[in-house]
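Spelled out from the first residue to the last, the chains are:
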2 protein chains.
Amino acid sequence: GNELLDLERAKSSISVEKLSDYLFGHELIAKRDQILEILQSEKVFDKSQNYTLGRVEKFPLALARAKKLRQLKVKHNWSYVEEAIAQGLVGEPHPYGLHASMFLVTLRDQTTPEQQEMFLKKAENYEIIGCYAQTELGHGSNVRGLETLAIWDPSDKTFIIHSPHLTASKWWIGSLGRTANYAVVMAQLVIDRKPYGPHPFVVQIRDLKTHQPLEGIHVGDIGPKFGYNTMDNGFLLFNKVKIPHSHMLARFSGVDPATSKYIRPASASLVYGTMVFVRSHIVFESGSVLARGVTIAIRYCAVRRQFQDRDAQDRAGEQQVLNYTMVQIRLLPLLAATFAFHFTGKAMMALYEANQKRMLKSEKPNNETNRTAGPEELNPVTDLLADLHATSCGLKALASTSAGEGLEACRRACGGHGYSSYSGIGSWYADYLPTLTWEGDNYMLTQQVSRYLLKSARSVLQGKAQNNDTCKILKQFLERRDMGAAFDILGKDEDIVSAFAWRASFLTFEALKHRDEEKQSWNSLLVDFWRLSTAHSQYLVVKNFYEALHDKSMGEALDTETITLLRQLFRLYALHTLENEASEFYTSSAVTVRQIQLARTKAVMQLLEEIRPHAIRLVDSWRFPDWQLDSSLGRYDGKVYEDLFHRASELNPLNALTIDPYPDSEVMVKRDGRDKMGAKL
Amino acid sequence: GNELLDLERAKSSISVEKLSDYLFGHELIAKRDQILEILQSEKVFDKSQNYTLGRVEKFPLALARAKKLRQLKVKHNWSYVEEAIAQGLVGEPHPYGLHASMFLVTLRDQTTPEQQEMFLKKAENYEIIGCYAQTELGHGSNVRGLETLAIWDPSDKTFIIHSPHLTASKWWIGSLGRTANYAVVMAQLVIDRKPYGPHPFVVQIRDLKTHQPLEGIHVGDIGPKFGYNTMDNGFLLFNKVKIPHSHMLARFSGVDPATSKYIRPASASLVYGTMVFVRSHIVFESGSVLARGVTIAIRYCAVRRQFQDRDAQDRAGEQQVLNYTMVQIRLLPLLAATFAFHFTGKAMMALYEANQKRMLKSEKPNNETNRTAGPEELNPVTDLLADLHATSCGLKALASTSAGEGLEACRRACGGHGYSSYSGIGSWYADYLPTLTWEGDNYMLTQQVSRYLLKSARSVLQGKAQNNDTCKILKQFLERRDMGAAFDILGKDEDIVSAFAWRASFLTFEALKHRDEEKQSWNSLLVDFWRLSTAHSQYLVVKNFYEALHDKSMGEALDTETITLLRQLFRLYALHTLENEASEFYTSSAVTVRQIQLARTKAVMQLLEEIRPHAIRLVDSWRFPDWQLDSSLGRYDGKVYEDLFHRASELNPLNALTIDPYPDSEVMVKRDGRDKMGAKL
Ligand SMILES: Cc1cc2nc3c(=O)[nH]c(=O)nc-3n(C[C@H](O)[C@H](O)[C@H](O)COP(=O)(O)OP(=O)(O)OC[C@H]3O[C@@H](n4cnc5c(N)ncnc54)[C@H](O)[C@@H]3O)c2cc1C
Ligand SMILES: Cc1cc2nc3c(=O)[nH]c(=O)nc-3n(C[C@H](O)[C@H](O)[C@H](O)COP(=O)(O)OP(=O)(O)OC[C@H]3O[C@@H](n4cnc5c(N)ncnc54)[C@H](O)[C@@H]3O)c2cc1C
């Protein structure tokens, strides 16, 4: 193994350090190394049994790790970013997960100052441990359909939290199953028999000392899952539980305790902002999520030799399987995608932050809770937010689907050994999969994107277009529609971007025609909408990757060889996507059939050849420590077989059992030597 | 839940019984029900903890089940088919798996009569338990690269079995890790320093009494896997282990103990036949493998309601998500695929059996071990076998990839609840995935298919075409090539089949041009080959489905309504595939761009609408008992939520743990009530 990766690294002269410094920042990597050292010295983070434990053994260990992480954070005074780095290195979901994210975020964003005193401080100190209880057994995507009730009782100024049916049971709630003693509960506010929609309430659910459920509360873990088994996703049923008026999170809306009148929310744009943030973050992370699998698969396929080349003359020895074009076409476009998503996510996060700043500025002069939202045309801040929101929905769907499916492609590219847990891909994939479903099911999100694109197209047609990129490409399309496109996708990079913009715009106006002129039902258009959203998001990825390549900072930080290589990755991502979606590109006349054929047979194949020698250095630039990958196949030093063998014969507890193999014997285990093996484990 | 599925069943009038009797045979289903009753009454088959156990707990339980199955087989005198039914109902891989399949098959097929006496009888009685040890740490696909040695020692007429390197360690060997005491070992035969390639040897590896490894043998389980954790895949290293001459399986080849001369194999066609059988069987099974996921997803999506229809006027109530076209397009083509693969697999198995019969006939007159294989042109039996072989390779790749990926699509279609182990899809999917890699990695197989198609195309061009379907469609393509195609895919079913044949033929001749005229390297064409193989296999599926619809037996067994519905499924499978592969269809001029657009926007959408009302009855016809599905979401009675809740709150052992939630406390579990819960579990 060893020497093969050395050779690979010698073949390419791009600087791994410079590239990774440019991608992540030099300091971040240095910090990461410090944290890594701290974690590795703690016995509780030993990973050697992660892949064998059952659910009931996994969970207390995950809790112990979560506690230790919290202790280390306090001890070393880690920032939020440092905490996230540590978490990423440990690499498994943990029982404080939803406390540390959604519970705290919600308390920060949606409380009044008094409520911050009451809840937020304790939560930040882990004196209370919380979760975010929105989804129910019967409702997830359709939040308005939630059944849990919060009935205002004017007699004693309390809310009665109640689950009227089994399907009202909260379900899937992270950290709730065994850990949390508090919950933010989304419940239908009811005043005087009138429903006002779902609102957030803080409810204590377990005793702070005994940790037993409080009266009227039925709570527990929902059971084993495809992955995420180190997390206690929970259920929660209320039998008329009373909570005081102060427990309704009242920053944006509330009930006037004196009059029992509902106080309407003024502007939801901040909450809206949180969703944009979370989704942009998923886009950003999708690059490194996928890169983990790509790193493992590419390293292994460079170490793995199998068969002689069929055209080889003599006994040339076996090929590294990474030399087979059929392996390259599966892995190198994914390698390109890791960079594409990285740059796209980075741009999204930057846009989000710029907008948050502008929003805070524009909010200051107003009294926020009394401000009414102006007509859309007059509000550049929320308009930009609307664009950002739609963009983040579409990209979240595209990027997380690509990352999830890409990981499985990586696993399969490793042949039989990919199926071993020691490959390190399987459990990573299984833990990642919910990302395709939560924060908006990826299929459902495409409807939101399309709704926005239709709206934008209508405004363009009416000459009231806003000044954002979406409207710009739609306008450009309309202007050139009758002249045709004739993009030179094989010659010019900017024409590739234009071709993606053209196809997305074409599909937008097609969908508009179906909906507005032909009056087709919404439901009959869902498949078109899904295609449309995908097309638009692919355009955004291609555009963001292109723009990153032309950003001044890149020219300053990297040498031309590296930039040329990144440009090849850009073209590979774009042209490979284009050939996969060929029929939309030619139907829209963005390109000709001949161009697509050439892209497929010539351009893409040539790019594979150009990128191949740099594959190892490119994955090295993602800088995953071996400890994080926890993979025999993805080791930096390429000692694949030694590591597989070591784990199987030294760390595998099943080998401590001597069984009785005969069907007529009632004895299964003749001898259990796990105690003796224990020393090793 | 309940009433929704009742309504669904009331909406359609196709006869579930008639359809399933036609598909599987009435007797088989009756037998299945008998066996089901037997299994359910055995405590060891209780499934309630399957999803929570860790590796070390899972395995002894799986062994206990394997033993019980064996005992029941003996007690009830089950046939091979009945044993397979029982195994399917239990639904997990088991430690006798490779003994009962490859070990016994190899002993049957490759032994001399004396060896049958020596090994086969004991193996059939489970006095010895074996496995099939071919793959090594360093070699899987490339069998010729195996490193384990079998060195003939003329001095004492023995073979020395030896592993010269770590990579020579046998790896992945099912039933070897803890269970087997014998192995068929594929090793490089070496006589007088000359290698003769891999051959099968029978080696005892563990003591029959103590079950300890014999001297010179290092054996164990290879560790946890993505799935298949009820099986003990093992490793095996030999340190110069001596075995007698009689332990080389000598039906086809051997070493003359007197002269130390190698005895060449005469005809490998029987062994070849085994591969065809195994692959055809994978094709046949892929239908029901996928149907399991499709049954669960379609039933759940008919019970699940989420959102009101966007165009609905008043408070119409929430839609069943199966009514959304975006859900339909994900699930109904998969439903169609289950039938497509079922009929294709059935046809393959029939062809295989017919050919075996013919082969046995033609073999009788000869003295098999001395017969030399005649030139290909003169041997219709092996020619047909070659066609069958290529066909089974391509179909194995297509069908198992479709089934594996289809299961994940089913899981995702179930939204959040799909991620729960109680959905019953996840572990089924994880256990199935190796099928995409073993018996020929699905990507690699496409090279074999292409090689065969190129050979066929050459023979057609030379006017020496054989009389099989592959050559027929190639000839037809050549004849009409210059006239063009103009298939009426939207009007005539037989034209759909022709369009698929046309595209496959077009790609064959394209590939031939690249290889023979342009002299492109084999490696540079691998991606084209993969496309070609996929195209050819899709043609075969479409053709077989079409032919099944026109088989007399179907007209006799089913009423026209059901046949019409099956025809719609045929068209959905074909047209949906066609639109996904659109660019190959128009580049080959099999269809026009306009036809593809119409297929996409009109024909497919209309088929979804037509099939939708019958979806539940169609999945019902697969007749999976609830016990087999082991799924909250896929229950026949639709009591989805009740079952999820019951399992989570009553059967989930994690809920017996009371934890200490505070980060500063070193206590994790304050109370473990599993003993008390035990009664329930
Ligand atoms: C591991 C995990 C952790 C989670 N953690 C939390 C948590 O901490 N807190 C919390 O509140 N929730 C949590 N959730 C819940 C999660 O947010 C929901 O599962 C998710 O929103 C999907 O909703 P659903 O399950 O209701 O899907 P459904 O809406 O029921 O979707 C089912 C199917 O129907 C389709 N569909 C539904 N409506 C439409 C439509 N209108 N048009 C077309 N198709 C449609 C979907 O695409 C999907 O295929 C978690 C889920 C998981 C898996
Ligand atoms: C659960 C499980 C059970 C098993 N049970 C058994 C058993 O009981 N007995 C047994 O003997 N074996 C068993 N196997 C082994 C199995 O047969 C092999 O893993 C399988 O044949 C794949 O071989 P490989 O792992 O060497 O893949 P490799 O050949 O190493 O493939 C690695 C990658 O390289 C690609 N590749 C390789 N060669 C080429 C080429 N020439 N051109 C293009 N691409 C190429 C492949 O497509 C793949 O992506 C089992 C495997 C699993 C996962």
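This text follows the structure it describes.
What you are looking at is a predicted structure, and each value in this text was computed from that prediction instead of being measured. (Residues numbered from 1 in each chain as written. Chains lettered and ligands numbered in written order. Predicted model: local features only at pLDDT ≥ 70, side-chain atom pairs only at ≥ 80, totals over all residues. Heavy atoms only, no water.)

1. Comments concerning the environment of Leu249(B)
Residues and elements named next belong to chain B.
- By the element assignment, Leu249 lies in the loop between β9 (241-244) and β10 (254-255).
- Each C-alpha atom, one on Leu249 and one on Asn233, is 23 Å from the other, the two residues being 16 residues apart in sequence.
- In this view, Leu249 contacts Thr106, Leu107, Gln110, Thr111, Gln115, Val184, Pro200 and Val202; residues no more than four positions away in its chain are not counted. (Helix = DSSP H or I, 4+ residues; strand = E, 2+ residues; numbered from the N terminus. Contact = heavy atoms within 4.5 Å.)

2. Some thoughts on the sheet that holds strand β4 (residues 170-173) of chain B
- Across the sheet, which stays open at both edges, the three strands sit in the order β4-β8-β7 (chain B) with antiparallel pairing between neighbours. Edge positions in the open sheet fall to β4 and β7 (217-221) of chain B, since each of these has one partner strand only. In this sheet, neighbouring strand axes are inclined to one another by 15° on average, regardless of whether the strands run parallel or antiparallel.
- Here five bridges tie β7(B) to strand β8 (residues 234-238) of chain B, and the two strands are oriented antiparallel to one another. When the sheet's bridge partners are listed, Gly220(B) is paired in β8(B) with Phe235(B).
- Running over the sheet, helix α22 (residues 640-650) of chain A touches β4, β7 and β8 of chain B and is turned about 105° from β8(B). (Pairing = 2+ DSSP bridges. Axes fitted to C-alpha atoms, helices over the stretch in contact; angles between N-to-C directions.)

3. Structural notes on the interface of chain B and chain A
- Taken residue by residue, the interface counts 133 residues in chain B and 133 residues in chain A.
- Across the interface of chain B and chain A, roughly 11,500 Å² is buried in total on both sides, 60% from carbon and sulfur atoms.
- Taken together, the connections running from chain B to chain A amount to eight salt bridges.
- Of the charged contacts in the structure, one is a salt bridge between Arg412(A) and Glu405(B), with a shortest N-O distance of 2.8 Å.
- Of the residues forming the side of chain B that touches chain A, the biggest block, ten residues, is contributed by helix α4 (residues 55-76) of chain B.
- Split into classes, the residues belonging to the side of chain B that touches chain A amount to 57 nonpolar, 42 polar and 34 charged. (Buried area = accessible area lost by both parts, 1.4 Å probe. Salt bridge = Lys/Arg side-chain N within 4 Å of Asp/Glu carboxyl O. Nonpolar A, V, L, I, M, F, W, Y, C, P; charged D, E, K, R; others polar.)

4. As for the packing of helix α3 (residues 26-40) of chain A against helix α5 (residues 80-90) of chain A
Residues and elements named next belong to chain A.
- Across the interface, α3 lies against α5 with an axial gap of 10 Å and an inter-helix angle of 55°. When the axes of α3 and α5 are compared, the pair comes out oblique. Judged by the twist between their axes, the crossing of α3 over α5 is right-handed. Where α3 abuts α5, its residues Leu28, Lys31, Arg32, Ile35, Leu36 and Leu39 lie against Val81, Glu82, Ile85, Ala86, Leu89 and Val90. (Parallel < 35°, antiparallel > 145°, perpendicular 65-115°, else oblique. Left-handed = near helix turned anticlockwise from the far one by under 90°.)

5. A look at the site of ligand 2
- Inspection of the region around ligand 2 gives 30 residues, with Arg304(A), Ala413(A), Thr135(B), Ser141(B) and Asp441(B) positioned closest.
- Surrounding ligand 2 are residues belonging to chains A and B, so the site spans chains.
- Within the side chain of Arg330(A), one N or O atom sits 2.9 Å away from an oxygen atom of ligand 2.
- Within the contact set of ligand 2, an oxygen atom lies 2.8 Å away from a side-chain nitrogen or oxygen of Asp441(B).
- Protein contacts shield 93% of the accessible area of ligand 2, which totals 970 Å² for the unbound molecule.
- Looking at the shell around ligand 2, the elements that each hand over two or more residues are α9 (325-363) and α10 (380-413) of chain A together with β4 and α12 (442-461) of chain B. (Near = heavy atom within 4 Å. Polar contact = N/O pair within 3.5 Å; in protein donor to acceptor, adjacent residues only side chain to side chain. Areas by Shrake-Rupley, 256 points an atom, 1.4 Å probe, with all protein chains shown as cover.)

6. Focus: the relation of the copies chain B and chain A
- In screw terms, the move from chain B to chain A is a rotation of 180° and a rise of 0.0 Å along the axis, fitting with an RMSD of 0.0 Å. Accordingly, the operation relating the two chain copies is best matched by a two-fold axis. Taking C-alpha positions as reference, the residue of chain B nearest the rotation axis is Gly54(B), located at 1.6 Å.
- Taken together, the interface assignments show that 100% of the residues at the interface of chain B recur at the interface of chain A, consistent with an identical surface on both copies. (Least-squares fit on C-alpha atoms with pLDDT ≥ 70 in both.)

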